[in-house]
Amino acid sequence: MYCKIEPKKPEEINRCNIVQQTSFWAGVKEQQGIKPVAFDYAASDNLLHPGWLPDHHTTGDLLVLIRQIDQEHCVAYIPYGPTDEPEFENQGLFLEELSEVLHPQLPSSCIMIRYDLPWESQWAVEEDCFDEAGNWLGAPESTSQEFRVNFNTHNWNLHKSMSNNLPANTIFLNLKHDQKTLLQKMKPKTRYNIGLSARRGVSVKSYGPEQLDTWYALYRETALRNGVTLHSKAYFWTVLKNQHQYNSGDVDVRLLMADHEGEFLAAMFLVVSGKRATYLYGASSDHKRNLMATYAIQWEAIRLAGEAGCEEYDMFGVAPNGYRSHPMHGLYRFKSGFGGNMFHRMGCWDYPLDKTEYDMFLAQEVNGQKYHSH
């Protein structure tokens, strides 16, 4: 078994369905003051798949974000990476090998590697993790997760993070169907609301940075209504403009806005990367909610994604189940109406490089001083 890496320039990252592992994302984060570094990696097939022969290997790119947490220390964060998914039995072993070859390439002040894994949760395929209604009950406590993931590792050094940075639960739509079939797969109320919005004259168009102020006003209203932490207006400017700087052309960012008689009622950032489209950010007004503008804009995004050749559409974040008590139940009800399939990711996992500093870092997280880099 082996894993090898070679440094490369972030702008040389190859095309990828996951936008958070692209040269575009590297550029966005660099303009936020976070240093992006990139690598080519090669892993023997038997490192990813038990019982396979070691004479072939899998290759991929890895975007790593280096963020200072104080004047003397930094952390390495890997957003939705690595993209290659080992079989469950070898996930810990692969992460351990990758971490050990990454370690010498990282700053000496780096205290840990945090993987925000895009892989399907090992507990999302076990019947006893679902209730009778089909609601996912979630993964077991961290110690149980760590026991399984570390089981065949050498160092037993992988730790489940106390929280996830990027959404661990989402809904994927299969865009290989035609538009008629996509509509048929939706819940009747969602399909009705899409038609109602069109009949009442809501229109959706793509805009550029000239409408950033309008977007931000809607976004700020939505964030305050839902108690969500605000990104700065400069951040969204970077997202819109950066596709022409770092990006090799594989990522397309569109600001979609829905209006009625000249009044903007809803907006969203649609990001197309490889064969995947992602509903990255959304916003809506409290005014004229009876016009169902959020349904109109979502349907237009799905339609545009299909026209762009995408095979899947990522709703990017929902509650893990349909329980009404969950604070994201409203988002779950809205997004699940479009007929996709739930997907539960493994979430964030840490590989400490400096145990003393890592324990201090965890203590800060417990006290609410959380580190987020998405």
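Before reading further, recall that the structure is shown in the block above.
Residues numbered from 1 in each chain as written. Predicted model: local features only at pLDDT ≥ 70, side-chain atom pairs only at ≥ 80, totals over all residues. Heavy atoms only, no water.

(A) Up close: the packing of helix H1 (residues 23-30) against helix H8 (residues 233-241). Viewed as axis vectors pointing N to C, H1 and H8 meet at an angle of 150°, and their least axial separation amounts to 9 Å. Considering their axes alone, H1 and H8 lie roughly antiparallel with respect to each other. Like other packed secondary-structure pairs, H1 and H8 cross with a definite hand, here right-handed. Contacts from Phe24, Trp25, Val28 and Lys29 of H1 reach H8 at Tyr235, Thr238 and Val239. Classifying every residue of the contact of H1 with H8 gives five nonpolar, one polar and one charged. (Axes fitted to C-alpha atoms, helices over the stretch in contact; angles between N-to-C directions. Helix = DSSP H or I, 4+ residues; strand = E, 2+ residues; numbered from the N terminus. Parallel < 35°, antiparallel > 145°, perpendicular 65-115°, else oblique. Left-handed = near helix turned anticlockwise from the far one by under 90°. Contact = heavy atoms within 4.5 Å. Nonpolar A, V, L, I, M, F, W, Y, C, P; charged D, E, K, R; others polar.)

(B) Highlighting H1. When you tally the buried positions in H1, you get seven out of eight residues, the bulk of the element. Among the residues of H1, those classed as buried are Ser23, Phe24, Trp25, Ala26, Gly27, Val28 and Lys29. Where H1 is buried, its residues contact strand S2 (35-44), strand S3 (57-68), strand S4 (74-79), H8, strand S9 (251-260) and strand S11 (276-284). (Buried < 20%, exposed > 50% of the residue type's maximum accessible area, 1.4 Å probe, protein only.)

(C) Region of the structure containing the environment of Lys8. Mapping Lys8 onto the fold places it in strand S1 (residues 3-8). Distance in space between the C-alpha atoms of Lys8 and Phe39 is 5.2 Å, their sequence separation being 31 residues. When residues no more than four places from it in sequence are discounted, the contact partners of Lys8 are Ile13, Asn14, Ala38, Phe39, Asp40 and Asp61. In this structure the side chain of Lys8 is engaged in a polar contact, spanning 3.0 Å, whose partner is the side chain of Asp40. (Polar contact = N/O pair within 3.5 Å; in protein donor to acceptor, adjacent residues only side chain to side chain.)

(D) Inspection of the packing of aromatic side chains at higher detail. Per the stated rule, a full pass over the model turns up 21 aromatic pairs. Site record: aromatic cluster; members linked through ring pairs are Trp215, Tyr216, Tyr219, Tyr235, Phe236, Phe269 and Tyr281. The ring of Tyr2 has Lys4 sitting right over it, with the charged end atom 5.1 Å from the ring centre. (Phe/Tyr/Trp six-rings, centres within 6.5 Å; stacked < 30°, edge-to-face > 60°. Lys NZ or Arg CZ within 6 Å of the ring centre and 35° of its normal.)

(E) Quick peek at the packing of helix H6 (residues 188-199) against helix H9 (residues 293-307). The contact between H6 and H9 brings their axes to 8 Å, and the two run at 100°. Taken together, the axes of H6 and H9 are roughly perpendicular relative to one another. For the pair formed by H6 and H9, the contact residues are Thr190, Asn193, Ile194 and Ser197 on the first element and Ala293, Tyr295, Ala296 and Trp299 on the second. Partitioned by chemical class, the residues of the contact of H6 with H9 number five nonpolar, three polar and no charged.

(F) Main features of the layout of surface pockets. In this structure, the second largest pocket encloses a volume near 170 Å³. What lines the second largest pocket is simply Ile13, Asn14, Arg15, Cys16, Gln21, Thr59, Gly60, Asp61, Thr83 and Asp84. Looking at the lining of the second largest pocket residue by residue, the classes come out as two nonpolar, five polar and three charged. (1 Å grid on protein atoms, 1.4 Å probe; cavity = no way out; pocket = protein on both sides within 12 Å on 5 of 7 lines; lining within 4 Å. Points joined across faces, edges and corners; volume = space filled by probe spheres on them.)

(G) Just the pairing of S9, in detail. Burial within S9 is extensive, with eight of its ten residues counted as buried. Pairing between strand S8 (residues 203-207) and S9: five bridges, direction antiparallel. Bridged to Tyr207 within S9 is Leu255. Sheet topology places S9 next to strand S10 (residues 263-273); ten bridges connect them, and they run antiparallel. When the sheet's bridge partners are listed, Ala258 is paired in S10 with Ala266. (Pairing = 2+ DSSP bridges.)

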